[in-house]
Amino acid sequence: MNLGALVDRLVKKRWSDADVEKYVGRHRYAALTHAAAAATRELAASGGTTSALLVHGLETGMFDGAVVCKTVLEEGRVRARFSIATSASEVLAARGSKYVEVTFMREVVPLIKAFSGRLAVVGLPCDITSLKRRAERDPDVADKVALTVALVCGHNSRTGLIDNVTKRIEQRAGKALSDYRFRIGHWRGQIEATFSDGSVERYPTRRFNDYQNLYFFCERKCLACHDHYGYDADVSVGDVWLYRLKRDPIKHTGVIVRSEAGDRAVSAAREQGAIESQPLDVRDIMDGQSRIGPAHYNVSARARVGRRFGIPLKDTLHEPVRWFQYLNAWISIANMRLSESERGKRIIFRTPPRLIRAYLYVKKALETLR
Ligand SMILES: Cc1cc2nc3c(=O)[nH]c(=O)nc-3n(C[C@H](O)[C@H](O)[C@H](O)COP(=O)(O)OP(=O)(O)OC[C@H]3O[C@@H](n4cnc5c(N)ncnc54)[C@H](O)[C@@H]3O)c2cc1C
Ligand code: SF4
């Protein structure tokens, strides 16, 4: 047994059937996957499975287009915008996770309505749920959506975070950005910034992620959300943070197949060689998310703390709230509130990164307690 597998065994959590049901929700099976083509995996968020499924579905006529989310620079600012990809190159151009707020329904519903053909749609859990609700009352949308893929989601960040991070990158480099990738490469990966003179620099993802993981600039809607794994999708995709995979040169995507349409897409891609896939216990995916998954789910803790901050949050779950969950929720909401004021932003970005990191370790420790 290698060291990583030993560490996985030591930190393995017990997840009852009831835990699986409430955190992950209805599903058929899980799989450890990656895109078969190295060229697809390159620049992907995890194993490139999402892009491989979309390309395979397009090329086999399972659907005619795929709603994807691309990074664009608008007036020099990094934003995420939706479009419909109808070719492999357009799908591949949208690889990677965009950790910045999106206006999914406002952009995607008109795209779907204007498209003649069937579509695969990739989105965050909340957006896939909104789309499902829309499809229930709009047959045109229902008829056109052939497959939904949800990205497992801790939470998303407002534009203020990426704007501050990229401003500092530009100031240090002394040149303007022309492209930006939030995370490429293995395990935690790296930020990739392309500048107007064509030069490319990479930076540790902690420049963005430490602030994000502390909930600075968190979107308000995420405080009221308990859907980490994408209950309403046909397929959910996420990272697999298992130590035994850390040294594997290939990064993987954890896939949770929930519906017949999802099974059709994943099975066909596997059988026809577009993705490599092996069975995985869904509890292994949950182990990799064992801090953030339950913390995200516990909306009851945030609802209780929210009252103290004058932020009304509906407690839809009535989960027990233990002291460490309360304290963790307090840190999340206090940090979000701090980043809502100009003075708060100055405090956040003048705090030495080492202190920010130490603070993050405290939050992570609280998330680890069960
Ligand atoms: C805000 C956010 C939070 C996340 N949090 C977690 C987490 O806590 N745990 C975890 O395991 N995984 C999380 N993920 C998912 C993870 O980062 C990968 O996206 C996932 O593993 C799929 O990887 P892949 O290589 O198969 O995708 P790729 O092949 O790289 O394809 C990614 C696809 O996602 C689409 N996309 C990217 N960003 C967005 C967006 N904001 N909205 C809609 N579509 C988008 C792109 O269009 C592309 O089609 C998060 C992703 C995002 C965007
Ligand atoms: S945490 Fe929930 S509300 Fe926030 S972006 Fe993710 S799925 Fe949407």
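Basis of the calculations
- Residues numbered from 1 in each chain as written.
- Chains lettered and ligands numbered in written order.
- Predicted model: local features only at pLDDT ≥ 70, side-chain atom pairs only at ≥ 80, totals over all residues.
- Heavy atoms only, no water.
- Phe/Tyr/Trp six-rings, centres within 6.5 Å; stacked < 30°, edge-to-face > 60°.
- Buried < 20%, exposed > 50% of the residue type's maximum accessible area, 1.4 Å probe, protein only.
- Helix = DSSP H or I, 4+ residues; strand = E, 2+ residues; numbered from the N terminus.
- Lys NZ or Arg CZ within 6 Å of the ring centre and 35° of its normal.
- Pairing = 2+ DSSP bridges.
- Axes fitted to C-alpha atoms, helices over the stretch in contact; angles between N-to-C directions.
- Domains from an automatic or database assignment.
- Contact = heavy atoms within 4.5 Å.
- Buried area = accessible area lost by both parts, 1.4 Å probe.
- Salt bridge = Lys/Arg side-chain N within 4 Å of Asp/Glu carboxyl O.
- Near = heavy atom within 4 Å.
- 1 Å grid on protein atoms, 1.4 Å probe; cavity = no way out; pocket = protein on both sides within 12 Å on 5 of 7 lines; lining within 4 Å.
- Sits in = over half its atoms within 2 Å of the grid points.
- Nonpolar A, V, L, I, M, F, W, Y, C, P; charged D, E, K, R; others polar.

Draft legend 1. Inspection of the packing of aromatic side chains at higher detail. Scanning all chains against the criterion turns up 12 aromatic pairs. Geometrically, the ring pair formed by Tyr-180 and Phe-182 is edge-to-face, given 5.1 Å between the ring centres and 90° between the ring planes. Across the pair, exposure class does not vary: Tyr-180 and Phe-182 are buried alike. Both rings, one in Phe-217 and one in Phe-349, keep their centres 5.9 Å apart while their planes meet at 35°; by these two values the pair is tilted. Of this pair, Phe-217 sits in the loop between helix 10 (206-213) and helix 11 (220-223) while Phe-349 sits in helix 17 (residues 342-350); the two residues are 132 residues apart in sequence, bridging distant segments of the chain. Residue classification places Phe-217 among the buried positions, given a relative accessible area of 3%. Overall, Phe-349 belongs to the buried group, its relative accessible area being 15%. In textbook terms, an aromatic cluster arises when at least three aromatic residues are bridged by ring pairs, as seen for Tyr-99, Tyr-180, Phe-182 and Phe-208. Against the face of Phe-195 rests Lys-175, its NZ or CZ located 5.4 Å from the ring centre. Sitting over the ring of Trp-15, Arg-370 keeps its end group 4.3 Å from the ring centre.

Draft legend 2. Quick peek at the sheet that holds strand 8 (residues 200-204). Strand order across the open sheet formed by 3 strands is 6-7-8, with antiparallel pairing between neighbours. What marks the edges here is a single partner per strand, and that holds for strand 6 (177-184) and strand 8. Taken pair by pair, the neighbouring strands of this sheet meet at an average axis angle of 20°, ignoring direction. Strand direction decides the pairing type here: strand 7 (residues 190-195) and strand 8, joined by 5 bridges, are antiparallel. Residue pairing for strand 8: Glu-192 is matched across the bridge by Arg-202.

Draft legend 3. Inspection of the domain arrangement of the protein chain at higher detail. Assigned domains of the protein chain: these are domain 1 (3-156 + 219-281) and domain 2 (298-370). Placing a centre on the C-alpha atoms of domain 1 and another on those of domain 2 gives a separation of 27 Å. Taken together, the 11 residues of domain 1 in the interface contact 12 residues of domain 2. Summed over both partners, the interface of domain 1 with domain 2 buries about 1,000 Å², with 55% contributed by carbon and sulfur atoms. The three residues of domain 1 that bury the most area against domain 2 are Arg-220, Leu-223 and His-226, which together make up 61% of that side's buried surface. If you look at where domain 1 meets domain 2, you find 2 salt bridges. The shortest N-O distance in the salt bridge between Lys-22 and Glu-319 comes to 3.1 Å.

Draft legend 4. Summary view of the site of ligand 2. Around ligand 2, the neighbouring residues are Leu-124, Pro-125, Cys-126, Cys-153, Gly-154, His-155, Asn-156, Lys-221, Cys-222, Cys-225 and His-296. Put simply, ligand 2 lies in the largest cavity. Mapped by element, the contributors of at least two residues to the shell around ligand 2 are helix 7 (125-137) and helix 11. Residue composition of the shell around ligand 2, grouped by class: 6 nonpolar, 4 polar and 1 charged.

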